[in-house]
Amino acid sequence: MTTLDNRPNTALLVVDVQNGVVDEGHERDAVVANIGGLVGRARKEGVPVVWVQHADDELVHGSEEWRIVGELTPEDAEPRVDKSYGDSFEDTDLEKVLAERGVGRLVVVGAETDACIRSTLHGALVRGYDATLVGDAHTTVDKSEWGAPKPEQVIAHTNLYWRYQVAPGRKGGTVNAVDVVFSG
């Protein structure tokens, strides 16, 4: 359904599953396990897996906090995209990486729900991609001391509203990991 021409393929976009981002994440181990399962399925089905890593003053490029969690290992042939803004497309080569692979549909997983995941989902939709959020494969930390809802509420709300996102010729959607279909 994507509005991008000649982009029939799907990619699994793994956003910021880094030590310093997810270590305190809500249901961290279950989320990482779900992401790992999807990475394995994508590889088996020949679906591109694209890894995004955030870096800034608090998450220094190359540091232990910056590294992808130990349970997940990108393969050498899988693209890695460095970013410094919430939207994984902003000031990165993500669009080029996806275009080279004919990708018009993204399956999005990672962290943090209320920051980079939301920004990336919206960024994808406005750029012409279909973007499916995997509802049990994203997480966030507890920011309630600053007035935010509890993490489980943030995750539930994001899953709810993204389920119904549409734009002309594009669609969002939310599914659980077991229900992800990479083709079609």
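Residues numbered from 1 in each chain as written. Predicted model: local features only at pLDDT ≥ 70, side-chain atom pairs only at ≥ 80, totals over all residues. Heavy atoms only, no water.

Chemist: Kindly report on the environment of Phe89, identifying the contributing residues and their values.
Modeler: The residue Phe89 is located in the loop between β3 (80-83) and α3 (94-100) in this model. Residues Phe89 and Tyr161 lie 72 residues apart in sequence; the distance between their C-alpha atoms is 21 Å. Setting aside residues no more than four positions away along its own chain, Phe89 makes contact with Leu94, Glu95, Leu98, Leu106, Thr120, Gly123, Ala124, Arg127 and Tyr129. (Helix = DSSP H or I, 4+ residues; strand = E, 2+ residues; numbered from the N terminus. Contact = heavy atoms within 4.5 Å.)

Chemist: Requested: an account of the packing of helix α4 (residues 113-126) against helix α5 (residues 151-163), with residues and values cited.
Modeler: Between α4 and α5, the least distance of the axes is 11 Å, while the angle of their chain directions is 10°. Between α4 and α5, the crossing angle belongs to the class labelled roughly parallel. Along its contact with α4, which presents Thr113, Asp114, Arg118, Leu121, His122 and Leu125, the element α5 presents Val154, Ile155, Thr158, Tyr161 and Trp162. Tallied by class, the residues present in the contact of α4 with α5 amount to 6 nonpolar, 3 polar and 2 charged. (Axes fitted to C-alpha atoms, helices over the stretch in contact; angles between N-to-C directions. Parallel < 35°, antiparallel > 145°, perpendicular 65-115°, else oblique. Nonpolar A, V, L, I, M, F, W, Y, C, P; charged D, E, K, R; others polar.)

Chemist: Which residues make up the nonpolar core, and what values do they have?
Modeler: In this structure, Leu12, Val14, Ile35 and Leu38 are the most contacted members of the largest nonpolar core, which totals 26 residues. Elements with a minimum of two residues in this core: β1 (9-15), α1 (19-22), α2 (28-45), β2 (49-54), β4 (103-111) and β5 (130-139). With 6 residues, α2 is the largest single contributor of residues to this core. The contacts of Ile35, once residues within four sequence positions are left out, are Val14, Val17, Leu72, Val109, Gly110 and Ala137. Formed by 24 residues, the second largest nonpolar core is a distinct cluster that contains Leu13, Val15, Leu94 and Val108. (Core = buried A, V, L, I, M, F, W, Y, C linked by side-chain atoms within 4.5 Å. Buried < 20%, exposed > 50% of the residue type's maximum accessible area, 1.4 Å probe, protein only.)

Chemist: Could you give me a rundown of the pattern of salt bridges, with the residues and numbers involved?
Modeler: This model, assessed by the stated rule, comprises 16 salt bridges. Glu71 is the partner of Arg28 in a salt bridge, and the nearest nitrogen-oxygen pair spans 2.7 Å. Taken together, the residues Arg28 in helix α2 and Glu71 in the loop between β2 and β3 connect sequence positions 43 residues apart. It is possible to trace a salt-bridge network through shared partners that takes in Asp23, Arg28, Asp29 and Glu71. (Salt bridge = Lys/Arg side-chain N within 4 Å of Asp/Glu carboxyl O.)

Chemist: Please give an account of the environment of Thr92 that cites residues and values.
Modeler: By the element assignment, Thr92 lies in the loop between β3 and α3. On a C-alpha basis, the gap between Thr92 and Asp82 in space is 6.8 Å, while along the polypeptide they are 10 residues apart. Beyond its immediate sequence surroundings of up to four residues, Thr92 is in contact with Val81, Asp82 and Lys83. A distance of 3.4 Å separates the side chain of Thr92 from the backbone oxygen of Phe89, its partner in a polar contact. Only 3.2 Å separates the side chain of Thr92 from the backbone nitrogen of Leu94, close enough to count as a polar contact. (Polar contact = N/O pair within 3.5 Å; in protein donor to acceptor, adjacent residues only side chain to side chain.)

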